[in-house]
Amino acid sequence: NTGGDNLWSNTANWIGNTLPTSNDDVTILNGNSITIDILSAVARSINIVPGATLTINPDARLTVSNNFSNTGTTTLNSNSSNFSALKLSTSSKQSGNITYNRYVNTVGTGEWDLIGSPVNGLTIESFVTANSGTLATGDNAGTTVYALGIWDNSTGDWSNYDENTYNVGNVSFDVGTGYQMASASGSTLAFTGTIATTDQTQSVIDNSGNGGSQWNLISNPFPSYLNGTNGADATHNFLKVNLDSGVIDGAFTAFYGWDADGTGYTPYNHTSGAVYIAPGQGFFVAAASASSADISFTEAMQTTTGGDDFVASRVANTSSQFYLKLYNSDALISDAMFYF
């Protein structure tokens, strides 16, 4: 840190006065704090020793082609329109926890957010405790209710954790599952745990024939972006992999993001251009089978390319389109999106 500003992009902060390449092993020493402030930070391996700190800015990215070891402090930050990313290669080994400060939309009618944990091993109790005062809460007959809940597609209902249930059995976030969630005023919530370094799966099912729903709420389980559509990557993208495997119903060739503006959900399909799924982003898919099947989140889908999440009016779309909406009085019954 001879440059004096703690920034990764400053060559004066590095031995040899050159930025690390994908062939370099990087060690951040005790007492040093380095902030990644560029989109293209790379290293062969990263070793953050006790007393050292690595921070990734909301508009910055880090790709590690070999091992990532953290016995110090690693923090990934985000804001309402930018989400930092840490991508490990398929051969990487990881040790130590990271904290992802994930922006979550505010509580309010038609607002909230769909979020999943971008880390492994985080209990609901630890999450609620770490985010006390930031996670939105309510009151139900004297019981504190948290703005953190699950979608049960066996019944088609939502339910929230409250002070009597969130720590029952030391329940952990199910990585790859989405949750409804809200911050008190539009801010970040801290997720602390390990990074997934293998392909991840999440079970989905069509329960519409049993009084439930065909729709399943899932989420990006990595602290990196995912290629969502062919426009992002023609081979390794979420929609192609899970349509080709038959897990997503072919009648709904899209995944659906919550708009958080009272209008409902937007479908994202291969005509939507390059769509990237932000770290921890939750979304709905329609299951094809009345028997459980696994949605796949592969390491090959991971990318450091991406920007905003699915909140309405914040995702760039390169196609032309219009909506046809069906109303009964003031109630929106259904809609369809037409692409050109």
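Preceding block: the structure.
These numbers were taken from a predicted model, which means no experiment stands behind them.

Comments concerning the overall build of the protein
Reasoning step 1: Tallying secondary structure elements over the protein gives two helices and 28 strands in all.
Reasoning step 2: Its C-alpha atoms give the protein a radius of gyration of 20 Å, near enough to 20 Å, the size a compact globule of 340 residues would have.
Reasoning step 3: In terms of overall dimensions, the protein has a C-alpha envelope of 70 × 50 × 35 Å along the principal axes.
Reasoning step 4: The burial tally for the protein puts 47% of its 340 residues in the buried class.
Reasoning step 5: Pairs at least 24 apart in sequence give 63% of the contacts found in the protein among residues at least 6 apart.
Reasoning step 6: As displayed, the protein has an accessible area near 14,200 Å², and 47% of this comes from carbon and sulfur atoms.
Reasoning step 7: Of the side-chain charges in the protein, 8 are positive and 27 negative, and the distance between the mean point of each set is 12 Å.

Here's the deal with the sheet that holds strand E23 (residues 276-277)
Reasoning step 1: With antiparallel pairing, three strands are arranged side by side in an open sheet as E23-E20-E26. Single-partner strands in this sheet number two, and they are E23 and strand E26 (302-303).
Reasoning step 2: The pairing of strand E20 (residues 225-227) with E23 spans two bridges and is antiparallel. Residue pairing across strands places Asn 227 opposite Tyr 276, the latter belonging to E23.

Here's the deal with the sheet that holds strand E7 (residues 68-70)
Reasoning step 1: Pairing in this open sheet of four strands is parallel, and the strands run E1-E4-E7-E10 from one edge to the other. Of all strands in the sheet, those with a lone pairing partner are strand E1 (25-28) and strand E10 (94-95), marking the two edges.
Reasoning step 2: Examined bridge by bridge, E7 and E10 share two bridges and lie parallel to one another. Looking at E10, one finds that Phe 68 is bridged to Gln 94.

A word on the nonpolar core
Reasoning step 1: Trp 8, Leu 62, Phe 68, Leu 148 and Met 181 are the most contacted members of the largest nonpolar core, which has 46 residues in total.
Reasoning step 2: When sequence neighbours within four positions are dropped, the list of residues in contact with Met 181 reads Val 104, Asn 105, Trp 112, Asp 113, Ile 115, Phe 127, Leu 135, Ala 147, Leu 148, Phe 173, Leu 189 and Phe 191.
Reasoning step 3: Formed by 20 residues, the second largest nonpolar core is a distinct cluster that contains Ala 196, Val 247, Phe 297 and Met 301.

Looking at the pairing of strand E18 (residues 200-204)
Reasoning step 1: Only one face of E18 is covered, namely the one carrying Gln 200, Gln 202 and Val 204; the face carrying Thr 201 and Ser 203 has none of its residues buried.
Reasoning step 2: Pairing between E18 and strand E25 (residues 293-297): five bridges, direction antiparallel. What sits directly across from Gln 202, in E25, is Ile 295.

What about the packing of aromatic side chains?
Reasoning step 1: With the rule as written, the count across this model stands at 20 aromatic pairs.
Reasoning step 2: Taken together, a centroid distance of 5.3 Å and an interplanar angle of 55 degrees make the contact between Phe 255 and Phe 283 tilted. Here Phe 255 is found in strand E21 (residues 255-258), whereas its partner Phe 283 is found in strand E24 (residues 282-286), with 28 residues between them in sequence.
Reasoning step 3: On the accessibility criterion, Phe 283 (0% relative accessible area) is buried.
Reasoning step 4: With 5.6 Å between their ring centres and 85 degrees between their planes, Tyr 265 and Phe 284 make a pair best called edge-to-face. Of this pair, Tyr 265 sits in strand E22 (residues 265-268) while Phe 284 sits in strand E24; the two residues are 19 residues apart in sequence, bridging distant segments of the chain.
Reasoning step 5: Owing to a relative accessible area of 29%, Tyr 265 belongs among the partly exposed residues under this scheme.
Reasoning step 6: Exposure remark for Phe 284: the relative accessible area of 6% places this residue in the buried category.
Reasoning step 7: Here a set of aromatic residues connected by ring pairs shows up, and it is made of Phe 238, Phe 255, Tyr 268, Phe 283, Phe 297 and Phe 310.

Here's the deal with the layout of surface pockets
In this approach, a probe sized like a water molecule rolls over the atoms, and the result shows the empty space that is left.
Reasoning step 1: Size it by volume and the largest pocket reaches roughly 350 Å³.
Reasoning step 2: Along the wall of the largest pocket there are 15 residues; nearest its centre are Asn 13, Trp 14, Ile 15, Val 26 and Thr 27.
Reasoning step 3: For the lining of the largest pocket, the leading source of residues is E1, giving four residues.
Reasoning step 4: Of the residues in the lining of the largest pocket, the class split is eight nonpolar, five polar and two charged.

Cut-offs used in this document
Residues numbered from 1 in each chain as written. Predicted model: local features only at pLDDT ≥ 70, side-chain atom pairs only at ≥ 80, totals over all residues. Heavy atoms only, no water. Helix = DSSP H or I, 4+ residues; strand = E, 2+ residues; numbered from the N terminus. Rg over C-alpha atoms; globule rule 2.2 N^0.38 Å. Buried < 20%, exposed > 50% of the residue type's maximum accessible area, 1.4 Å probe, protein only. Contact = heavy atoms within 4.5 Å. Areas by Shrake-Rupley, 256 points an atom, 1.4 Å probe, with all protein chains shown as cover. Lys, Arg positive; Asp, Glu negative; His and termini not counted. Charge placed at Lys NZ, Arg CZ, Asp CG, Glu CD. Pairing = 2+ DSSP bridges. Core = buried A, V, L, I, M, F, W, Y, C linked by side-chain atoms within 4.5 Å. Phe/Tyr/Trp six-rings, centres within 6.5 Å; stacked < 30°, edge-to-face > 60°. 1 Å grid on protein atoms, 1.4 Å probe; cavity = no way out; pocket = protein on both sides within 12 Å on 5 of 7 lines; lining within 4 Å. Points joined across faces, edges and corners; volume = space filled by probe spheres on them. Nonpolar A, V, L, I, M, F, W, Y, C, P; charged D, E, K, R; others polar.

From the geometry alone we can't say anything about function, so treat these as descriptive.
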